[in-house]
Number of protein chains: 2
Amino acid sequence: MPAPDATAATTAPDNAYTPTDRTVPTRARERASYDRELVHAILDEGYVCHLGFLRDGAPVVLPTLYGRVGERLYVHGSTGARPLRMANGAGAEEPGLQVCLTVTHVDGLVLARSAFHHSLNYRSVVVHGTARPVTDPAERGTALDALVDQVVPGRAADSRPANAKELAATAVLRLDLEEVSAKIRTGGPNDDAEDLGLPHWSGVVPVARGYGAPVPADDLAPDTPVPAYLTRL
Amino acid sequence: MPAPDATAATTAPDNAYTPTDRTVPTRARERASYDRELVHAILDEGYVCHLGFLRDGAPVVLPTLYGRVGERLYVHGSTGARPLRMANGAGAEEPGLQVCLTVTHVDGLVLARSAFHHSLNYRSVVVHGTARPVTDPAERGTALDALVDQVVPGRAADSRPANAKELAATAVLRLDLEEVSAKIRTGGPNDDAEDLGLPHWSGVVPVARGYGAPVPADDLAPDTPVPAYLTRL
């Protein structure tokens, strides 16, 4: 086994997802990446994904929370929610729901002199695969903690864990990170040479997610301190 | 025709989208809305949607820009991009691509004492329908302006319009707002009564989109003023 340093600088198969027919874009291929660390970093910066699946042969896209544990993503919901029922085998031959899970961060508005070259700076990850119900109690516990910690790292340990009734009402699905790609745009506008003399302002407006001061619940005891994991956000 | 005031306060059919089997959620129905103004307001606050469609029978979800003009949404892309080629009839009987277009704004992290009652405050809109190629030159122009102005209102008029070559390379799809629903969560955590004495902080962390100071392009003349539509953002 090579020392870690020997492989860190290369794109060895271990460090990248294998491209497939549907993870290679038809255009702007230079923006695509299969780098595992990069994919993880994009996923770890978010907590809301857009989950696509089929209902009666038509696409449905719903926003939902996700959590990452190594090479696994978890989503969850009420056992009565449609995609979770579908994944559990309602009307299907075997448990599992074919999905596409997408996470997107917008980093900047790219304003070119020409309308045509306007763009966004962004980082996105697209995962294709089959989401399968998680039934092992230990894995379900890990997944539910990850879903809370994905939103606020450190929060799972500072909340009451799910009880038996709540666990019975919650379905958890797992999607393995196998067929995965990232897509990234960075930098300024790419105006055509003949447009550089036009009078229009051009450049990038940075976009970022911001958090406001935590607002305590009406029923929270007034002397309850704001935890460090919130002031860190 | 009644005076505007006579209908403004009611939910007359004109003011709401008609619910359908797939726009009525299986749970948390009290969060769903079909109010036209509310749907418009949610759409107008964003510019990135997640577009779901089928490829070889499997769902694909891609982030892309959109623009709203009245009861029409527009998306665009290279004529070579897959969903745009598919909508144009490649391999299909008639032009049009079955899609689900979803827009989501996260407004707050909702931290309850129990892990189970953790949630997000959010506003989302889901549109189902068939996206069809726009070929009328005037409508294509309107759509392309709307796509730019959706990101930065006022920018379309302050940039070079697409020329013939650029127009030939750009496909525009239209999705009518007919089968539409919004979903909204607001307010604090809903902890169970027996959990109110637990020591965990509870409440809401507000989340908002923030813009940084505009960064001029490297090739921009140094004396170019930052336009008012950017300082307003």
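Going by the structure above, here's the rest.
Just so it is clear, the model here is predicted, and its values are computed rather than measured.

Draft legend 1. Highlighting the overall build of chain A. Looking only at helices and strands, chain A features 6 helices and 11 strands. In terms of principal-axis extent, the alpha carbons of chain A reach across some 65 × 55 × 50 Å. Within chain A, the fraction of its 233 residues that count as buried is 47%. Nonlocal contacts in chain A, meaning residues at least 24 apart in sequence, comprise 71% of its contacts between residues at least 6 apart. Accessible area for chain A stands at about 11,000 Å²; split by element, carbon and sulfur atoms hold 54% of it. Taken together, the 22 basic and 29 acidic charged side chains of chain A have centroids lying 4 Å from each other.

Draft legend 2. Expanded view of the interface of chain B and chain A. Facing the 86 residues of chain B at the interface are 86 residues of chain A. Summed over the three residues of chain B that lose the most area to chain A, namely P59(B), R160(B) and W201(B), the buried surface amounts to 11% of that side. Applying the counting rule to chain B against chain A returns 8 salt bridges. Across the salt bridge formed by R160(B) and D195(A), the nearest N and O atoms sit 2.8 Å from each other. Taken together, chain B and chain A are joined by 31 residue pairs in polar contact (both at pLDDT 80 or more). Split into classes, the residues belonging to the side of chain B that touches chain A amount to 50 nonpolar, 21 polar and 15 charged.

Draft legend 3. Broad picture of empty space enclosed by the protein. All names here are of chain A. By the definition in use, this model includes 1 cavity of 30 Å³ or more. A volume near 30 Å³ is recorded for the largest cavity. Lining the largest cavity, in full, are L51, L73, Y74, V75, L101, A131, L173, R174 and L175. When residues of the lining of the largest cavity are traced back to their parent elements, those giving at least two are β5 (72-78) and β8 (170-176). Class assignment of the residues belonging to the lining of the largest cavity gives a composition of 8 nonpolar, no polar and 1 charged.

Draft legend 4. Broad picture of the packing of aromatic side chains. According to the stated counting rule, one finds 0 aromatic pairs over all chains in the structure shown. The cationic tip of R36(A) hangs over the ring face of Y17(A); the distance from NZ or CZ to the ring centre is 4.4 Å.

Draft legend 5. Representation of the pairing of strand β7 (residues 119-133) of chain B. Residues and elements named next belong to chain B. Of all 15 residues in β7, 12 are buried; the element is thus mostly enclosed. Two strands pair when backbone bridges link them, and β7 and strand β8 (residues 170-176) are joined in this way by 2 bridges, in the antiparallel orientation. In the strand pairing of β8, P133 is matched with L173.

Draft legend 6. Up close: unusual backbone geometry. Residues and elements named next belong to chain A. Although it is not a glycine, D56 sits at a positive phi angle of roughly 50 degrees. Turning to its location among the elements, D56 is positioned in the loop between β2 (48-55) and β3 (58-65). Overall, D56 belongs to the exposed group, its relative accessible area being 74%.

Rules used in this analysis
- Residues numbered from 1 in each chain as written.
- Chains lettered and ligands numbered in written order.
- Predicted model: local features only at pLDDT ≥ 70, side-chain atom pairs only at ≥ 80, totals over all residues.
- Heavy atoms only, no water.
- Helix = DSSP H or I, 4+ residues; strand = E, 2+ residues; numbered from the N terminus.
- Buried < 20%, exposed > 50% of the residue type's maximum accessible area, 1.4 Å probe, protein only.
- Contact = heavy atoms within 4.5 Å.
- Areas by Shrake-Rupley, 256 points an atom, 1.4 Å probe, with all protein chains shown as cover.
- Lys, Arg positive; Asp, Glu negative; His and termini not counted.
- Charge placed at Lys NZ, Arg CZ, Asp CG, Glu CD.
- Buried area = accessible area lost by both parts, 1.4 Å probe.
- Salt bridge = Lys/Arg side-chain N within 4 Å of Asp/Glu carboxyl O.
- Polar contact = N/O pair within 3.5 Å; in protein donor to acceptor, adjacent residues only side chain to side chain.
- Nonpolar A, V, L, I, M, F, W, Y, C, P; charged D, E, K, R; others polar.
- 1 Å grid on protein atoms, 1.4 Å probe; cavity = no way out; pocket = protein on both sides within 12 Å on 5 of 7 lines; lining within 4 Å.
- Points joined across faces, edges and corners; volume = space filled by probe spheres on them.
- Phe/Tyr/Trp six-rings, centres within 6.5 Å; stacked < 30°, edge-to-face > 60°.
- Lys NZ or Arg CZ within 6 Å of the ring centre and 35° of its normal.
- Pairing = 2+ DSSP bridges.

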